[in-house]
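Structural characterization, general
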Amino acid sequence: MNTDPAPTLFGPPHAAYERREIAPGAVHLPGWLTPGEQRDLVTACRAWAAGPVPIRRTRLPRGGVMSVQTVCLGWHWQPYAYSRTADDVNGRRVAPFPARLADLGRRAVADAYQDEEQAAAYEPDAALVNFYDGTARLGMHQDKDERSLAPVVSLSIGDSCVFRLGTTEHRNRPWHDVTLASGDLLVFGGPSRLAYHAVPKILPGTGDPATGLTRGRLNLTLRVTGLTDEPEGAGR
Ligand code: MD6
Ligand code: FE
């Protein structure tokens, strides 16, 4: 008999889940988040999107802007660099990385890799919260602004998307397209950690409004930056 307490905020998933290794080290667990966890995350993301650093479209080095809207926790990300303050938005320090997201990340690594030791050592310190409207897209890229090669934990809520996983060598074919739906977990590590990947398409109207998100897609990625704060007066 299951005597576990009822799942609490970001507690253990109640359902059995499938585990699909889409490439070595890239593991997809469909429906990993419970409906309650998805709702709680939507509520939390709304609060994070409000500030201290508001959600916005990240400026790209060549002058464009991303179609995806992003807010960061723990460390602020801009192309090629993490910092504690959002110097390209309003200069404020980003909100601290929430302990409950670190717990969720450890549970994700444990379930994806079935490795409790690796999971216990997983200490994410940055989260990117991405919002996609029906036309937003994300081009082929590598996540390589981190100094650590620890896995990236990716959670999807709302409308489904096409997620494209390529090779580690270049942004072109061959690639493999998978659908990420609401509640899905993708853990991106090992030999796939530096693989090129993209979100070429959102599938509008596929999300369940019961999550609290009536349109669009939310994606949270948890990362280990490998960075430390410089002590006062360092570097002089
Ligand atoms: C997204 N995700 O799914 C964008 N990066 O909306 C990413 O760029 C990503 O999902 C690294 C690992 C997993 C991801
Ligand atoms: Fe990425």
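Shown above is the structure to which this text applies.
Because the structure is a prediction, the values reported are computed rather than measured.

1. Looking at the site of ligand 1
By nearness alone, 13 residues border ligand 1, and Y132, D143, S154, H197 and R217 come closest of all. Y132 places a side-chain nitrogen or oxygen 2.4 Å from an oxygen atom of ligand 1. When the free accessible area of ligand 1 is taken as 330 Å², the share hidden by the protein chains comes to 99%. Contributions of two or more residues to the shell around ligand 1 are made by β8 (138–141), β9 (152–158), β13 (197–203) and β14 (217–223). Broken down by element, the residue count for the shell around ligand 1 peaks at 3 residues, all from β14. Split by residue class, the shell around ligand 1 holds 6 nonpolar, 5 polar and 2 charged.

2. Let's talk about the sheet that holds strand β1 (residues 20–23)
One open sheet holds the 8 strands; their spatial order is β1-β2-β12-β9-β14-β7-β4-β3, and the pairing between them is antiparallel. Either end of the sheet is taken by a strand with one partner, and the two such strands are β1 and β3 (56–59). Each strand of the sheet is rotated relative to its neighbour by a mean of 30 degrees, with strand direction disregarded. Of the strand pairs in this sheet, strand β4 (residues 65–73) and strand β7 (residues 126–132) are connected by 5 bridges, and their pairing is antiparallel. Bridge pairing links C72 to L128 in β7. Sheet contacts for helix α1 (residues 35–50): β4, β7, β9 and β14; angle to β14, the most-contacted strand, approximately 80 degrees.

Calculation criteria
- Residue positions within a chain follow its written sequence, with the count starting from 1.
- Chains carry letters from A onward and ligands carry numbers from 1 onward, assigned in written order.
- Residue-level local features of this predicted model are given only where pLDDT is at least 70; pairs of side-chain atoms are given and counted only at 80 or more, and the full residue set underlies all totals for whole chains, interfaces and linings.
- Computation of side-chain values: all heavy atoms of the structure, hydrogens and water removed.
- Proximity is defined per residue: any heavy atom of the residue falling within 4 Å of a molecule or strand makes that residue near it.
- Nitrogen and oxygen atoms within 3.5 Å of one another constitute a polar contact, given that in protein one can donate a hydrogen and the other can accept it, and given that sequence-neighbouring residues count only through two side-chain atoms.
- Only the protein chains shown count as cover for residues, with accessible areas throughout obtained via the Shrake-Rupley method and a probe of 1.4 Å.
- Going along the chain from the N terminus, every DSSP run of H or I of four or more residues is numbered as a helix, and every run of E of two or more is numbered as a strand.
- Nonpolar residues are Ala, Val, Leu, Ile, Met, Phe, Trp, Tyr, Cys and Pro. Charged residues are Asp, Glu, Lys and Arg, and all others, Gly as well, are polar.
- Pairing between strands requires that DSSP locate at least two bridges from one strand to the other.
- Here an angle of 0 to 180 degrees is reported between the N-to-C directions of two axes, which are lines fitted to C-alpha atoms, with helices fitted over the stretch in contact.
- The contact definition used throughout considers only heavy atoms, calling two residues in contact when any of these lie within 4.5 Å.

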